Amino acid sequence: RERASGLPGSGASKADMAAKDIREFVNGRLQANMPVDNATGLQKNEHQQAQAVFSLEALVKSHAFLVISVGNCPQCEELAVVLASRGLPESIFVKWDKSAHEYQDLKRQLSAYAGEVFTFPQVFAAGAYEGGFKEVMDKLERGVFDEVFEKYFEIEPCTLRRIVERRPIVCFSLPNCPQCDTLYEDLKRRGVPAQDIFIKLDKARPEYQAMKAQMQLLIGKQQFAFPQTFVRGVYQ
């Protein structure tokens, strides 16, 4: 259960509380405003207020990064571990209950993005649909979400640093880069598995500028050319 707006401060009067817009998401369900009686502090028309709006769109808009999951979902749990290791809060996850009466309606809304047949988890970032488990894991590896994580969660972009730290040798290259091709072929002649150590960045991809900024920090240079090579975490 996640608040869609802030709670009143501890010193707020009942009148102040009544004026606040306090709504909740329960199982992806946007609860309607719940006015409070100024005299009693109790909610008015409880039966009427229990009628909620089922809205995937509202749920997506309320999260800078949203992971929709279900129970007994190994891929959901695996993605949760990966995102937690990146510093993301648990609040990005919203778990749907398949036994809830609103589940089929929410699933129908999600199918407009994911297609008629899909699995969980399903992910949205900054309001845009990003795909399921496989697509999102691939995008995480490429640093597609680095800017979103930095902007909304103040998480330092670290995709390139993570790659450098976990590989004994890595060469970052570009398409249509003669120097990259020359190094690649030279390493192959020396018996080095160049196909395993080369990572090709792409200036045409939206995440390239974020990768370039991370490279500048890693090598301590504003101007550089490709390829760029690291051995045991040390810039060469």
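Our structure is the block above this text.
Reading guide: rules and limits
- Within each chain, residues carry numbers counting from 1 in the order of the written sequence.
- For this predicted model, a pLDDT threshold of at least 70 governs which residues receive local features, and a threshold of 80 or more governs which side-chain atom pairs are given and counted, while totals over whole chains, interfaces and linings are taken from all residues.
- Note that the side-chain values use all heavy atoms of the structure and ignore hydrogens as well as water.
- Each aromatic pair joins two rings of Phe, Tyr and Trp (for Trp, the six-membered one) with centres within 6.5 Å, and gets the label stacked for planes under 30 degrees apart, edge-to-face for over 60, and tilted for any other angle.
- Where helices and strands are cited, they refer to DSSP runs of H or I of at least four residues and of E of at least two residues respectively, numbered from the N terminus.
- Only protein chains enter the area calculation, which uses a 1.4 Å probe; residues under 20% of their type maximum are buried, those over 50% are exposed, and those in between are partly exposed.
- Note that a disulfide, as used here, is simply two cysteine sulfur atoms within 2.5 Å.
- Under this scheme, a helix contributes an axis fitted over its contacting stretch, all axes are lines through C-alpha atoms, and angles between N-to-C directions fall in the 0 to 180 degree range.
- Throughout, the term roughly parallel applies to angles under 35 degrees, roughly antiparallel to angles over 145, roughly perpendicular to angles from 65 to 115, and oblique to all others.
- Helix crossings get a hand from a simple test, with the near helix turned counterclockwise from the far one by less than a right angle marking a left-handed crossing and a clockwise turn marking a right-handed one.
- Between two residues, a contact is recorded if the distance between any of their heavy atoms is within 4.5 Å.
- Just so you know the grouping, Ala, Val, Leu, Ile, Met, Phe, Trp, Tyr, Cys and Pro go in nonpolar, Asp, Glu, Lys and Arg go in charged, and all remaining residues, Gly too, go in polar.
- By construction, the arc corresponds to the directions joining the helix axis to the C-beta atoms.
- By definition, two strands form a pair when at least two bridges between them are found by DSSP.
- Of the two site types, the cavity is a set of points on a 1 Å grid over the protein atoms alone where a 1.4 Å probe fits but cannot get out, and the pocket is an open set with protein on both sides within 12 Å along at least five of seven lines, each lined by residues with an atom within 4 Å of a point.
- Grid points are joined across faces, edges and corners, and a volume is the space filled by probe spheres set on the points.

Aromatic rings considered in pairs are described by the distance between their centres and by the relative angle of their planes. Here the structure, examined in full by the defined rule, presents 13 aromatic pairs. Look at F65 and F149: their rings are 5.2 Å apart centre to centre, the planes differ by 70°, and that puts the pair in the edge-to-face class. Of this pair, F65 sits in strand 5 (residues 65-70) while F149 sits in helix 7 (residues 146-153); the two residues are 84 residues apart in sequence, bridging distant segments of the chain. You'll find F65 and F149 in the same group, each marked buried.

Going through the model one piece at a time under the given rule, you end up with two disulfides. What pairs with C73 in a disulfide is C76, and their sulfur atoms sit 2.3 Å apart. Taking the sign of the torsion about the S-S bond as the criterion, the disulfide between C73 and C76, at about 75°, is right-handed. Judged by relative accessible area, C73 falls into the buried class, the value being 8%. For C76, a relative accessible area of 4% puts it in the buried group. Across a sulfur-sulfur distance of 2.3 Å, C177 and C180 are joined as a disulfide pair.

Looking now at the packing of helix 4 (residues 74-85) against helix 6 (residues 133-142). Running from N to C, helix 4 and helix 6 cross one another at 15°; their axes reach a closest spacing of 11 Å. Taken as axis vectors, helix 4 and helix 6 run roughly parallel relative to one another. Helix 6 is crossed by helix 4, and the crossing has left-handed handedness. Every residue of helix 6 that contacts helix 4 at Q75, E78, L79, V82 and L83 is listed here: F133, V136, M137 and L140. Of the residues assigned to the contact of helix 4 with helix 6, the class counts are seven nonpolar, one polar and one charged.

Turning to helix 6, its buried residues number three or more, namely F133, V136, M137, K139 and L140. For helix 6, the angular spread of buried residues about the axis comes to 165°, placing them on one side. In this structure, the buried residues of helix 6 make contact with helix 4, strand 7 (122-125), strand 8 (128-132), helix 7 and helix 8 (159-166). Downstream of helix 6 by one or two residues, G143 has phi in the positive range, about 80°.

Right, let's talk about the side chain of Q216 for a bit. When you line up the elements, Q216 lands in helix 11 (residues 208-219). Apart from residues no more than four positions distant in its own chain, Q216 is found in contact with K221, Q222 and F224.

It is worth spelling out the packing of helix 8 against helix 11 at this point. As a packed pair, helix 8 and helix 11 sit with axes 8 Å apart at the nearest point and diverge in direction by 55°. Between helix 8 and helix 11, the interaxial angle falls into the category oblique. Contacts between helix 8 and helix 11 involve T159, L160, R161 and V164 from the first element and M211, Q214, M215 and L218 from the second. Here the contact of helix 8 with helix 11 is composed, by residue class, of five nonpolar, two polar and one charged.

Turning our eyes to something else, we now look at the pairing of strand 9 (residues 169-173). The side chains of a regular strand alternate, first on one face of the sheet and then on the other. Of all five residues in strand 9, four are buried; the element is thus mostly enclosed. Sheet analysis places strand 9 next to strand 11 (residues 228-231), joined by four bridges and oriented antiparallel. When the sheet's bridge partners are listed, F172 is paired in strand 11 with Q228. Pairing of strand 9 with strand 10 (residues 198-200), which is carried by three bridges, proceeds in the parallel orientation.

Attention now moves to empty space enclosed by the protein. Summed over all chains, the structure comprises one cavity of 30 Å³ or more. Taken as a whole, the largest cavity encloses approximately 50 Å³ of empty space. Along the walls of the largest cavity sit R86, D146, F149, E150, I155, E156, P157 and C158, which together make up its complete lining. The residue makeup of the lining of the largest cavity, split by class, is four nonpolar, no polar and four charged.

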